[in-house]
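Residue-level structural notes
Okay, here's what each chain looks like letter by letter:
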Amino acid sequence: MRQVMVAGNWKMNGSSESVKELMAGIAAGMSSVTKAEVVVCPPAVYISRVSGAADGSAVKVGSQNICDEDSGAFTGELSGDMLKDVGCEYAIIGHSERRALYGETDELVAKRFAAARRNGIKPLFCIGETLEERESGVTNDVCARQIDAVIALEGVEALADGVIAYEPVWAIGTGKVATPEQAQEVHAFIRGKIASLNAEVAEGLRILYGGSMNPGNAKELIGQPDIDGGLIGGASLKAEDFLAICQAAE
Ligand code: PEP
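Residues numbered from 1 in each chain as written. Predicted model: local features only at pLDDT ≥ 70, side-chain atom pairs only at ≥ 80, totals over all residues. Heavy atoms only, no water.

1. Looking at the packing of aromatic side chains
For the coordinates displayed, the defined rule picks out two aromatic pairs. Aromatic side chains Phe 113 and Phe 125 sit 5.6 Å apart centroid to centroid with 80° between the ring planes, which places their arrangement in the edge-to-face category. On the criterion of sequence distance, the pair formed by Phe 113 in helix 5 (residues 106-118) and Phe 125 in strand 5 (residues 122-127) is long-range, its members being twelve residues apart. Judged by relative accessible area, which is 1%, Phe 125 ranks as buried. (Phe/Tyr/Trp six-rings, centres within 6.5 Å; stacked < 30°, edge-to-face > 60°. Helix = DSSP H or I, 4+ residues; strand = E, 2+ residues; numbered from the N terminus. Buried < 20%, exposed > 50% of the residue type's maximum accessible area, 1.4 Å probe, protein only.)

2. With respect to the nonpolar core
If you look at the biggest cluster of nonpolar residues, it comprises 66 residues, and the most contacted ones within it are Ile 26, Val 40, Leu 159, Ile 164, Ile 190, Ile 194 and Tyr 209. The residues contacting Ile 26, other than those within four sequence positions of it, are Trp 10, Val 40, Val 59, Ala 239, Phe 242 and Leu 243. Judged by nonpolar contacts, the second largest core, of twelve residues, contains Met 5, Val 39, Cys 126 and Leu 231. (Core = buried A, V, L, I, M, F, W, Y, C linked by side-chain atoms within 4.5 Å. Contact = heavy atoms within 4.5 Å.)

3. Some points on the packing of helix 5 against helix 7 (residues 139-154)
Direction vectors running N to C along helix 5 and helix 7 enclose 50°, while the axes themselves pass 9 Å from each other. Classified by the angle between their axes, helix 5 and helix 7 sit oblique to one another. As for the relative orientation of helix 5 and helix 7, their crossing is right-handed in sense. Residues Asp 106, Ala 110, Lys 111, Phe 113, Ala 114 and Arg 117 of helix 5 pack against Arg 145, Gln 146, Ala 149, Val 150, Leu 153 and Glu 154 of helix 7. Split into classes, the residues belonging to the contact of helix 5 with helix 7 amount to six nonpolar, one polar and five charged. (Axes fitted to C-alpha atoms, helices over the stretch in contact; angles between N-to-C directions. Parallel < 35°, antiparallel > 145°, perpendicular 65-115°, else oblique. Left-handed = near helix turned anticlockwise from the far one by under 90°. Nonpolar A, V, L, I, M, F, W, Y, C, P; charged D, E, K, R; others polar.)

4. Digging into the environment of Met 12
Structurally, the position occupied by Met 12 is in the loop between strand 1 (5-9) and helix 1 (16-29). Along the chain, Met 12 and Glu 181 lie 169 residues apart, while their C-alpha atoms are 31 Å from each other.

5. With respect to the side chain of Gln 224
In this structure, Gln 224 sits in the loop between helix 10 (218-222) and strand 8 (229-232). Taking relative accessible area as the criterion, Gln 224 reaches 17% and is therefore assigned buried. When near neighbours in sequence (up to four residues on either side) are disregarded, Gln 224 contacts Pro 180 and Gln 184.

6. With respect to unusual backbone geometry
Phi is positive for Lys 11, close to 50°, though the residue is something other than glycine. Within the element layout of this structure, Lys 11 appears in the loop between strand 1 and helix 1. Positive phi values are uncommon outside glycine, yet Ser 212 reaches one of about 55°.

Following this line, the structure appears as structure tokens:
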């Protein structure tokens, strides 16, 4: 039985004061969340503060990226060791904004996945197609290619150390959500593809949906057989909405 996971990607939002308030609000509501594993991914400068505030609650902390190298002359990057040191258990890898705006290739994303693993951080590995790709009928091919880059570098068993987030790019931050059927179809494809290589890994692997998930649509999405939770952007910035999504798994 796969445990539902709800992860909040706070992106580049917040201030010292607002992240303190947001974390306090989430921690205060956690008594009503008994089923989901809950993770928040603050901007890097606030990770220490948020991990401190999360201490003693069931909320786990993740980063929004991780360097593919472990130390040295990589200005602006953060190593797995550093992220672990400040309390990260997870790292988002390959988010579509990193791929589209900062040129992260499948190969670089795979190297970041590898760096997370070797540093004992669980990759929250994002994949998904653009609107153009969906309309051209290549959604499955795109997801397969993105997963294959990780498998080529690390082997299929490596996927068991992380979580996949299927995030159709056209649904991210747009308010346009994939229907539960559309999402389930891709999730089933992803699981089936991995099962063709290793059935045990596929069965245990959590595949989250991401893309305008909110308190109104979370229950139906998470209720699909191959959807094991959500990666939440906009709705993770309000404690009440984020908790309502976490409660969708109850
Ligand atoms: C995301 O950026 O991972 C995401 C899912 O964003 P939103 O929920 O705002 O669509």
